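The primary structure of each chain is shown beneath.
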Amino acid sequence: MSEAERFWKKGYAVIENCLDPSQLAFARAAMEAAARAQELEVHDGLRPHKGQHRNAEDQYSPVAAELLLRALKPSFEALIASPLKETYAFWRIYHHGGLLFKHVDRAACEISATVAIASEPDGILWPIHVEDLAGRTTGIELRPGAAMLYQGHKIPHWRDEFTGTRQSQLFLHYVLRDGEFAGLEFDGYGADPLNRSPVS
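The rules behind each value
Residues numbered from 1 in each chain as written. Predicted model: local features only at pLDDT ≥ 70, side-chain atom pairs only at ≥ 80, totals over all residues. Heavy atoms only, no water. Helix = DSSP H or I, 4+ residues; strand = E, 2+ residues; numbered from the N terminus. Expected span 1.5 Å × (residues − 1). Bend = angle between axes of the 7 residues up to and from the residue. Buried < 20%, exposed > 50% of the residue type's maximum accessible area, 1.4 Å probe, protein only. Axes fitted to C-alpha atoms, helices over the stretch in contact; angles between N-to-C directions. Parallel < 35°, antiparallel > 145°, perpendicular 65-115°, else oblique. Left-handed = near helix turned anticlockwise from the far one by under 90°. Contact = heavy atoms within 4.5 Å. Nonpolar A, V, L, I, M, F, W, Y, C, P; charged D, E, K, R; others polar. Core = buried A, V, L, I, M, F, W, Y, C linked by side-chain atoms within 4.5 Å. Patch = residues over 30% accessible without salt bridge, like charges linked within 9 Å, V, L, I, M, F, W, Y side chains within 5 Å. Areas by Shrake-Rupley, 256 points an atom, 1.4 Å probe, with all protein chains shown as cover. Salt bridge = Lys/Arg side-chain N within 4 Å of Asp/Glu carboxyl O. Phe/Tyr/Trp six-rings, centres within 6.5 Å; stacked < 30°, edge-to-face > 60°. Lys NZ or Arg CZ within 6 Å of the ring centre and 35° of its normal. Pairing = 2+ DSSP bridges.

Draft legend 1. Up close: helix H3 (residues 63–80). Helix length check: H3, at 18 residues, gives a terminal C-alpha distance of 26 Å against a target of 26 Å (1.5 Å per residue), a fit within 8%. Its axis deflected by about 40° at lysine 73, H3 carries its strongest bend there, up to four residues before the proline proline 74. Every buried residue of H3 is listed here: Ala64, Ala65, Glu66, Leu68, Leu69, Leu72, Lys73, Phe76, Leu79 and Ile80. The positive-phi residue at the C-terminal boundary of H3 is alanine 81, with phi of around 60°.

Set out below in structure tokens:
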């Protein structure tokens, strides 16, 4: 069975060294800069975001993440043997006690990657749990730079309570170029992902 066939049968694949060292350093520095500048939206334990997570802060479509969204698309297309369209990028920093509740993603996340960027203290691994297309549950530990590519709108995924200090995570979202959600390219906005004017 090919790598692509395994992905479509299980619903996900793990990619070690998805980011090379320079990309990983770039992503970590950009996230830390955004946090220092207070550009991230905070979701504390009293206000979980849309019922999906708590004790975290995140940002929609940061420029640095959008660059990685485009840069990594060819390798993801090769893995799944299907062409993709970009929808959006996202990043999140979880803090001690953070949770990701069990959920599936919206249609714009038809093909998604969650990429580990950094953990504090160094070396702590925080599993992401997935329920594959056959109903089997697996906990996956991703080292910094590794990713899980998955069918976001079909695969339930979640994380138990975080016992470390800080976990930085990058999310890259796509739709199939010739699929039913192709119209959600750039998340339904204009062709320029930095110009968030709705498509007319």
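Picking up after the structure, the text goes on.
Draft legend 2. Molecular detail of the packing of helix H2 (residues 21–36) against H3. The interhelical angle for the contact between H2 and H3, taken along N-to-C directions, is 155°, at an axis separation of 10 Å. Judged by the inter-axis angle, H2 sits roughly antiparallel to H3. Considering only the axes of H2 and H3, their crossing is left-handed. Contacts between H2 and H3 pair Gln23, Phe26, Ala27 and Ala30 from the former with Ala64, Leu67, Leu68, Ala71 and Leu72 from the latter. Looking at side-chain class alone, the contact of H2 with H3 contains eight nonpolar, one polar and no charged residues.

Draft legend 3. Geometry of the nonpolar core. Residues Phe76, Trp91, Ile117, Leu149 and Leu172 are the most contacted members of the largest nonpolar core, which totals 35 residues. Of all elements in the fold, only strand E1 (12–15), H2, H3, strand E4 (84–103), strand E5 (111–120), strand E8 (147–150) and strand E10 (166–176) reach the threshold of two or more residues within this core.

Draft legend 4. Expanded view of a nonpolar patch on the surface. A contiguous nonpolar surface patch, about 270 Å² in accessible area, is contributed by Phe26, Val63 and Leu67. Here leucine 67 shows up in helix H3.

Draft legend 5. Spotlight on the packing of aromatic side chains. For the coordinates displayed, the defined rule picks out seven aromatic pairs. Measuring from ring centre to ring centre gives 4.8 Å for tyrosine 94 and tryptophan 126, while their planes differ by 80°; the resulting arrangement is edge-to-face. In this pair, tyrosine 94 sits in strand E4 while tryptophan 126 sits in the loop between E5 and strand E6 (128–131), placing the two residues 32 residues apart along the sequence. Accessibility expressed as a relative area gives 7% for tryptophan 126, which makes it buried. Counting every residue linked through ring pairs, the aromatic cluster contains Tyr60, Tyr88, Phe90 and Phe171. The lysine or arginine in question, lysine 102, covers the ring of tryptophan 158, its NZ or CZ lying 4.7 Å from the ring centre. The positively charged end of arginine 159 is found above the aromatic ring belonging to tryptophan 126, 4.8 Å away from the centroid.

Draft legend 6. Structural view of the environment of tyrosine 88. The residue tyrosine 88 is located in strand E4 in this model. The exposure class assigned to tyrosine 88 is buried, which follows from its relative accessible area of 8%. Residue contacts for tyrosine 88: discarding those within four places in its chain leaves Tyr60, Glu66, Leu69, Arg106, Ala108, Cys109, Phe171, Leu172, His173 and Asp187.

Draft legend 7. How the structure looks around the pairing of E4. Of all 20 residues in E4, 15 are buried, a share of seventy percent or more. Taken together, the seven bridges between strand E3 (residues 53–60) and E4 define a ladder with antiparallel strand orientation. Residue arginine 54 lies in a different strand from E4, and its bridge partner there is leucine 99. Here E4 pairs with E10 via 11 bridges, running antiparallel. When the bridges of E10 are listed, alanine 89 appears paired with leucine 172. Looking at chain direction, E4 and strand E9 (residues 157–159) are connected through two bridges and run antiparallel. When the sheet's bridge partners are listed, leucine 100 is paired in E9 with arginine 159.

Draft legend 8. Molecular detail of the pattern of salt bridges. Under the definition given, this model contains nine salt bridges. A salt bridge links lysine 85 to glutamate 185; the nearest nitrogen and oxygen atoms lie 3.8 Å apart. You can see lysine 85 sitting in strand E4 and its partner glutamate 185 sitting in the segment after E10, a full 100 residues away along the chain. In this structure glutamate 185 comes out as partly exposed when scored by relative accessible area, which is 30%. In this structure, the salt-bridge partner of glutamate 120 is arginine 166, at a minimum N-O distance of 3.6 Å. With glutamate 120 in strand E5 and arginine 166 in strand E10, this pair connects stretches of sequence that are 46 residues apart.

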